[in-house]
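Read off the chains here:
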Amino acid sequence: MVATAILTRPRCIGTTLQHHRHKRISSVCTKSCSMSADTFQMGPATLRVSRQSLHSGTRRKLLEGMRSASDQLGVVLMRGGGPFHLYSTDMEGIFRQESYFHYVFGVQEEDCFGAVDLKTGTSYLFLPQLPESYAVWMGAIKGLGDYKAKYAVDEVHYVEEMPKVLAQLQPVSVHLLSGTNTDSSRATLEADITGIDQFNLEKDLLFNVLTECRVRKTPEELKVMRYANQVASAAHVQVMQQIKPHMMEYAAESIFMYTTYSRGGCRHAPYTPICASGPNGSTLHYGHAASPNDREIGSNDMLLLDMGCEYYCYDSDITCSFPANGKFSEDQAMVYEAVLAAHEAVIKAIKPGVSWPDMHLLAERHILTGLKEGGWLQGGIEEMLKQRVAALFMPHGLGHLLGLDTHDVGGYAPGTPERIDKPGLRSLRTARILEENMVITVEPGCYFNPFLLGPAFESTSQGPFLNRRRLEGSMVAYVAEPAVLAEQGLSVTLCSNVALQGLTYKCVND
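Rules used throughout
Residues numbered from 1 in each chain as written. Predicted model: local features only at pLDDT ≥ 70, side-chain atom pairs only at ≥ 80, totals over all residues. Heavy atoms only, no water. Helix = DSSP H or I, 4+ residues; strand = E, 2+ residues; numbered from the N terminus. Buried < 20%, exposed > 50% of the residue type's maximum accessible area, 1.4 Å probe, protein only. Areas by Shrake-Rupley, 256 points an atom, 1.4 Å probe, with all protein chains shown as cover. Expected span 1.5 Å × (residues − 1). Arc of directions from axis to C-beta. Contact = heavy atoms within 4.5 Å. Pairing = 2+ DSSP bridges. Axes fitted to C-alpha atoms, helices over the stretch in contact; angles between N-to-C directions. Phe/Tyr/Trp six-rings, centres within 6.5 Å; stacked < 30°, edge-to-face > 60°. Lys NZ or Arg CZ within 6 Å of the ring centre and 35° of its normal. Polar contact = N/O pair within 3.5 Å; in protein donor to acceptor, adjacent residues only side chain to side chain. Salt bridge = Lys/Arg side-chain N within 4 Å of Asp/Glu carboxyl O. 1 Å grid on protein atoms, 1.4 Å probe; cavity = no way out; pocket = protein on both sides within 12 Å on 5 of 7 lines; lining within 4 Å. Points joined across faces, edges and corners; volume = space filled by probe spheres on them. Patch = residues over 30% accessible without salt bridge, like charges linked within 9 Å, V, L, I, M, F, W, Y side chains within 5 Å. pLDDT = per-residue confidence, 0-100.

### A word on the overall build of the protein
Part 1: Summing up its helical and strand segments, the protein has 13 helices and 22 strands in all.
Part 2: Of all 510 residues assigned to the protein, the portion counted as buried reaches 55%.
Part 3: Looking at the protein as shown, the accessible area adds up to about 21600 Å², and 51% of this sits on carbon and sulfur atoms.

Following this line, the structure appears as structure tokens:
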């Protein structure tokens, strides 16, 4: 396996925190040089992305998948994302393209449609015809030829012409994207246009085929993801260097967001930043609107910082945990080392062909061992695993697929292993056998959460393994966690991102 860990992972050495020396972000053009029309780049010091190279590869995978799934070679028709408003106001949020549509076409504009003829492989883009007033408020209106060159598609038309163009192709069927995301339980956007009822509409194939395409990344996709993780890693280093006790948690968020955008060209955050200090680290998704990273950081606090950035719609997801004052206490170090041992054990074992639930159980074993050695637990490790004691400390899954979405699609696709209905394991976002070119996070964690441990103290099956006095003294203080192609964090969380490509593991930032 080649595991491409795309972040700088802190190490606990003795009781001090050290990190890999930051290296300059690679794979960027730092000088003014000519670019082809299809190039995406957010400035001279950021990564160049060839839309033609990336999306010809993803469309090729789409063609292969659809041709394998059916003999009825029709036309794929997809709908891009549109603007959204803040409730009843005219305030628009910053547009970000719908992920499936971006995967196939890479289009930045709103309200577009795209099509691919499965017989010929010809790609079509349909754009809204803008009124002249658009130029006053939004900028010059480009011609269809400009968009053809920018997005490297074969033909470009206006949306109003779409029924006519499709009818001329005489497709045996029109394949629509129709399905439900297994993480959000939300449905995809179906292409719904005037006159679509004249075609034979097929809705069962495209969603599953495209989902499987997205599960395994192309070399061009991996290059973009590596860049996004390098930018996020550099931003986490900036936070480590600048954050101090008595600053507010949101200062860490602001340093990170400033760095990823100003230096890396990453405008979007793929999820709400989590900047938890002290007891806030025991809340898995802290940082939401009701808890907006607004606590003052204490001198002896552990920090759990879970933040990522997005470049060309591809995500990074990195968590770091470290002491605010730069020095681990004895207990903090023990919990951190337990999580680090789990992280490194999974990194050593992960490769194509392994079961993801097996990796989760491997991480649990190391965390339980570390907690027992630290005096928080007592009894046999095997019996603890059987009674699901580890789920009290790591209630989340070990990690998740990563790509165009933080929790990327395909975790529980048809034909893959089903969710395991046991504490901890049921939180896994996939139970798949890992395959080459998947990208997955490895993020074991250890949380001392009173809402989980309180009832467990009274449990006849789990209570005997818990050193209640020791744990009650720790519940106000800790959380720990690591990941692959993702995150790191006492409150301890550690996380890194891994791309499964070969038979060896390489940390690209080392």
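After that view, the rundown keeps rolling.
### Examining helix α8 (residues 249–262)
Part 1: Its 14 residues give α8 an end-to-end C-alpha distance of 20 Å, which sits within 8% of 20 Å, the value for a rise of 1.5 Å per residue.
Part 2: When α8 is considered as a whole, its buried residues turn out to be Glu249, Ala251, Ala252, Ile255, Phe256, Thr259 and Thr260. One side of α8 carries all its buried residues, which in axial view fall inside an arc of 165°.
Part 3: Taken together, the buried residues of α8 touch α7 (219–242), β12 (274–277) and β13 (302–307).

### What about the sheet that holds β12?
Strand-to-strand pairing in sheets goes through backbone hydrogen bonds, with the strands running parallel or antiparallel.
Part 1: Ordered in space as β12-β13-β16, the three strands form an open sheet in which the pairing is antiparallel. Only two strands of the sheet have a single partner each, and these edge strands are β12 and β16 (318–323). For this sheet, the mean inter-axis angle between neighbouring strands, taken without regard to orientation, is 10°.
Part 2: Two elements, β13 and β16, share six bridges in a ladder whose sense is antiparallel. The residue bridging Met307 from the neighbouring strand is Ile318, located in β16.
Part 3: α7 rests against β13 and β16 of the sheet, and its axis sits at about 20° to β16.

### Considering the sheet that holds strand β7 (residues 113–117)
Part 1: Taken in spatial order, the six strands of this open sheet run β9-β8-β7-β6-β10-β11, and their pairing is mixed. Sheet topology places β9 (155–158) and β11 (201–202) at the edges, where each strand pairs with a single neighbour.
Part 2: The pairing of strand β6 (residues 75–79) with strand β10 (residues 174–176) spans three bridges and is parallel. Each bridged residue has a counterpart across the sheet, and for Val75 the counterpart in β10 is Val174.
Part 3: The sheet contacts of helix α1 (residues 51–69) involve β6, β7, β8 (123–127) and β10, and relative to β7 the element is tilted by about 55°.

### What to know about unusual backbone geometry
Part 1: Phi at Ala152 is positive, roughly 50°, even though this residue is not glycine.
Part 2: Phi at Asn437 is positive, roughly 75°, even though this residue is not glycine.
Part 3: Topologically, Asn437 is positioned in the loop between α11 (381–386) and β17 (439–442).
Part 4: By relative accessible area, which is 23% here, Asn437 ends up partly exposed.

### Focus: the packing of aromatic side chains
Part 1: Using the criterion set out here, one finds 10 aromatic pairs in the structure.
Part 2: Pairing Phe40 with Tyr312 gives two aromatic rings, centres 4.8 Å apart and planes at 45°, and the pair type is tilted. On the criterion of sequence distance, the pair formed by Phe40 in strand β4 (residues 39–40) and Tyr312 in the loop between β14 (310–311) and β15 (314–315) is long-range, its members being 272 residues apart. Like Phe40, the residue Tyr312 is buried in the burial classification.
Part 3: Here the aromatic rings of Phe101 and Phe105 are separated by 5.0 Å at their centres, their planes lie at 40°, and the arrangement is tilted. With a gap of four residues between them, Phe101 and Phe105 both fall in helix α2 (residues 99–105), about one helical turn apart. No difference in accessibility class separates Phe101 from Phe105, as the two residues are buried.
Part 4: An aromatic cluster of at least three residues, connected via ring pairs, comprises Phe40, Tyr227, Tyr311 and Tyr312.
Part 5: The side chain of Arg214 reaches across the aromatic face of Tyr100, ending 4.5 Å from its centre.
Part 6: Over the ring of Trp376 we find Arg470; its NZ or CZ atom is 4.0 Å from the centre of that ring.

### Notes on the environment of His407
Part 1: Looking at the secondary structure, you find His407 in the loop between α11 and β17.
Part 2: The class for His407 is partly exposed, based on a relative accessible area of 28%.
Part 3: The spatial distance from the C-alpha of His407 to the C-alpha of Asp183 is 7.1 Å, given a sequence separation of 224 residues.
Part 4: With near-sequence residues (within four places) excluded, His407 lies in contact with Asp183, His400, Leu401 and Arg429.
Part 5: At 3.4 Å, the side chain of His407 and the side chain of Arg429 are in polar contact.

### What about the pattern of salt bridges?
Part 1: According to the stated counting rule, one finds 18 salt bridges in the structure shown.
Part 2: With a shortest N-O distance of 2.9 Å, Arg216 and Glu435 are connected by a salt bridge. Residue Arg216 is located in the loop between α6 (206–215) and α7, and its partner Glu435 is located in the loop between α11 and β17; the two are separated by 219 residues in the primary sequence.
Part 3: Arg216 gets classed as partly exposed once you look at its relative accessible area, which sits at 23%.
Part 4: Where Glu364 meets Arg388, a salt bridge forms, and the shortest distance between an N and an O atom there is 2.6 Å. Of this pair, Glu364 sits in helix α10 (residues 356–373) while Arg388 sits in the loop between α11 and β17, and the two are 24 residues apart along the sequence. Across the pair, exposure class does not vary: Glu364 and Arg388 are buried alike.

### Describing the layout of surface pockets
Part 1: Size it by volume and the largest pocket reaches roughly 1200 Å³.
Part 2: As for the largest pocket, its lining consists of 39 residues, of which Phe95, Gln108, Glu109, Glu110 and Tyr134 are closest to the centre.
Part 3: Listing elements by their share of the lining of the largest pocket, those giving two or more residues are α3 (134–138), α4 (144–151) and β14.
Part 4: Sorting elements by how many residues they give to the lining of the largest pocket places α4 first, with three residues.

### A few points about a nonpolar patch on the surface
Part 1: Taken together, the side chains of Leu86, Tyr87 and Met91 make up a nonpolar region of the molecular surface, amounting to roughly 410 Å² of accessible area.
Part 2: For Leu86, the location among the structural elements is in the loop between β6 and α2.

### Some points on the confidence of the model for the protein
Part 1: Of the residues in the protein, 86% have a pLDDT of 70 or more, and the chain-wide mean is 89.
Part 2: Predicted confidence is poor over residues 1–24, with pLDDT under 50, and the contacts of this stretch with residues over four places away or in other chains come to 107 contacts.
Part 3: Below a pLDDT of 50 lies the segment residues 477–491, which in the model reaches 145 contacts outside its immediate sequence neighbourhood of four places, other chains included.

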